[in-house]
Amino acid sequence: MRLDKFLKVSRLIKRRTVANEACDAGRVTVNGKPAKASVRLKEGDIIEIQFGTKSVKAEVLKLQDTSKKEEAKDMFRYI
C-alpha cells in the first residue's frame, strides 16, 4: 500500500493531499529514511511524521484499503 493512502486510511493524517504535501516537504520518514508518497509500506515499517515542533512515531500493524473510524486505530501503534 502507498504511504499517502495508509496515512489517510489509518487517520494519522486527515486528507491524502495533506499526506502528499507532508511527504514532498520531507516531513515523513519510513524506517529512518525520507519517504515519498509513493513508497510501498509493509507490516512492521516504522513511520515518523514531523508536525511543526512535534514528532509522531508509529509502527504499521496491518494494511487494509478501507477502514471504519473504530478500526483505524488497530492499523498502527504509537512508539
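Use the structure listed above.
Basis of the calculations
- Residues numbered from 1 in each chain as written.
- Predicted model: local features only at pLDDT ≥ 70, side-chain atom pairs only at ≥ 80, totals over all residues.
- Heavy atoms only, no water.
- Core = buried A, V, L, I, M, F, W, Y, C linked by side-chain atoms within 4.5 Å.
- Buried < 20%, exposed > 50% of the residue type's maximum accessible area, 1.4 Å probe, protein only.
- Helix = DSSP H or I, 4+ residues; strand = E, 2+ residues; numbered from the N terminus.
- Contact = heavy atoms within 4.5 Å.
- Pairing = 2+ DSSP bridges.
- Phe/Tyr/Trp six-rings, centres within 6.5 Å; stacked < 30°, edge-to-face > 60°.

### Section: the nonpolar core
Next up, step 1: Leu3, Phe6, Leu7, Val28, Leu41, Ile47 and Ile49 are the most contacted members of the largest nonpolar core, which totals 21 residues.
Next up, step 2: At four residues, the largest contribution of residues to this core is made by helix H1 (residues 3-9).
Next up, step 3: Once residues lying within four places of it in the same chain are set aside, the contact partners of Val28 are Leu3, Ala22, Cys23, Lys33, Pro34, Ala35, Ile47, Glu48 and Ile49.

### Re the sheet that holds strand E4 (residues 54-60)
Strands belonging to one sheet form pairs held by backbone hydrogen bonds; the direction of such a pair is parallel or antiparallel.
Next up, step 1: Taking strand neighbours across the sheet as the criterion, the five strands line up as E2-E1-E3-E4-E5 in an open arrangement whose pairing is antiparallel. Two strands in the sheet have a free side with no partner beyond their single neighbour: strand E2 (33-34) and strand E5 (76-78).
Next up, step 2: Looking at chain direction, strand E1 (residues 28-30) and strand E3 (residues 46-51) are connected through three bridges and run antiparallel. Residue pairing in the sheet places Thr29 in a bridge with Glu48 of E3.

### Re the packing of aromatic side chains
Where two aromatic rings form a pair, the distance of their centres and the angle of their planes describe that pair.
Next up, step 1: On inspection of all chains with the given rule, the structure shows one aromatic pair.
Next up, step 2: Aromatic side chains Phe76 and Tyr78 sit 5.1 Å apart centroid to centroid with 85 degrees between the ring planes, which places their arrangement in the edge-to-face category.
Next up, step 3: For Tyr78, a relative accessible area of 55% translates into the label exposed.

### Some thoughts on the pairing of E4
Next up, step 1: Sheet analysis places E3 next to E4, joined by six bridges and oriented antiparallel. Within the sheet, the bridge partner assigned to Phe51 lies in E4 and is Lys54.
Next up, step 2: Between E3 and E4, which pair antiparallel and follow one another directly, the connecting turn spans two residues, one of which, Gly52, has a positive phi of 65 degrees.
Next up, step 3: In the sheet, E4 pairs with E5 via three bridges, with the strands oriented antiparallel. Across the sheet, Ala58 pairs through a bridge with Tyr78, a residue of E5.

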